[in-house]
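Residues per chain are reported as follows:
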Amino acid sequence: MRHRREALHKALTVIDHIYSNSDWEGKPPVRPHEWDLSLAHEAMNLIILYCDNPNELFAAFAAATGLRGPDAPVQRYGPKDLDRFRREVSRELGLEPKDYYSNPDLGWIVSFPGAV
């Protein structure tokens, strides 16, 4: 279970990095920064190795991040896709899936005073 939680936490961290670097509704990214792609590889490998439902989790992760094959059309991702992934995480951890808080203004947390 420890490895499972670690995998899912890493995947959520990857999503945070992607959303911080994405433009939303014509607005520039709220917190553009570089991040280490190996975090995504590690999350994927841990999900495959330790999770009971890796196919469902990875499909939800792909939707939440816009991950696609080289010939596939670009898919837009956003809060509803993140909510789907969080529900899959809840199921994987044996928690009751619920409707998660969702706010279309994804950049609100970066407005904390002193945040870098």
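Residues numbered from 1 in each chain as written. Predicted model: local features only at pLDDT ≥ 70, side-chain atom pairs only at ≥ 80, totals over all residues. Heavy atoms only, no water.

Asks: Could you give an account of the side chain of S22, naming the residues involved and the relevant values?
Replies: Looking at the secondary structure, you find S22 in the loop between α1 (2-20) and α2 (38-50). Classification of S22 as buried rests on a relative accessible area of 6%. A distance of 2.7 Å separates the side chain of S22 from the backbone oxygen of I18, its partner in a polar contact. Reaching out from S22, the side chain makes a polar contact with the side chain of Y77 at a distance of 2.5 Å. (Helix = DSSP H or I, 4+ residues; strand = E, 2+ residues; numbered from the N terminus. Buried < 20%, exposed > 50% of the residue type's maximum accessible area, 1.4 Å probe, protein only. Polar contact = N/O pair within 3.5 Å; in protein donor to acceptor, adjacent residues only side chain to side chain.)

Asks: For the nonpolar core, give the residues involved together with the corresponding values.
Replies: Counting residues in each nonpolar core, the largest one holds 22 residues, and the members touching the most others are L8, I15, Y19, I47, L57 and F85. Sequence-distant contacts of I15, that is, excluding residues within four places in its chain, are made with F61, A64, T65, L82 and F85. (Core = buried A, V, L, I, M, F, W, Y, C linked by side-chain atoms within 4.5 Å. Contact = heavy atoms within 4.5 Å.)

Asks: Got a sec to walk through the layout of surface pockets? Specific residues and values, please.
Replies: Size it by volume and the second largest pocket reaches roughly 200 Å³. Forming the boundary of the second largest pocket are V14, I18, W35, L37, A40, H41, M44, F58, F61, T65, G66 and L67. Elements represented by at least two residues in the lining of the second largest pocket include exactly α1, α2 and α3 (54-65). (1 Å grid on protein atoms, 1.4 Å probe; cavity = no way out; pocket = protein on both sides within 12 Å on 5 of 7 lines; lining within 4 Å. Points joined across faces, edges and corners; volume = space filled by probe spheres on them.)

Asks: Residue-level account of the pattern of salt bridges, with values.
Replies: One pass over the structure, following the stated rule, counts eight salt bridges. The partner of K10 in a salt bridge is E6, with the nearest N and O atoms 3.9 Å apart. Of this pair, K10 and E6 both sit in helix α1, separated by four residues, roughly a single helical turn. Residue class for K10 comes out buried when judged on its relative accessible area of 17%. (Salt bridge = Lys/Arg side-chain N within 4 Å of Asp/Glu carboxyl O.)

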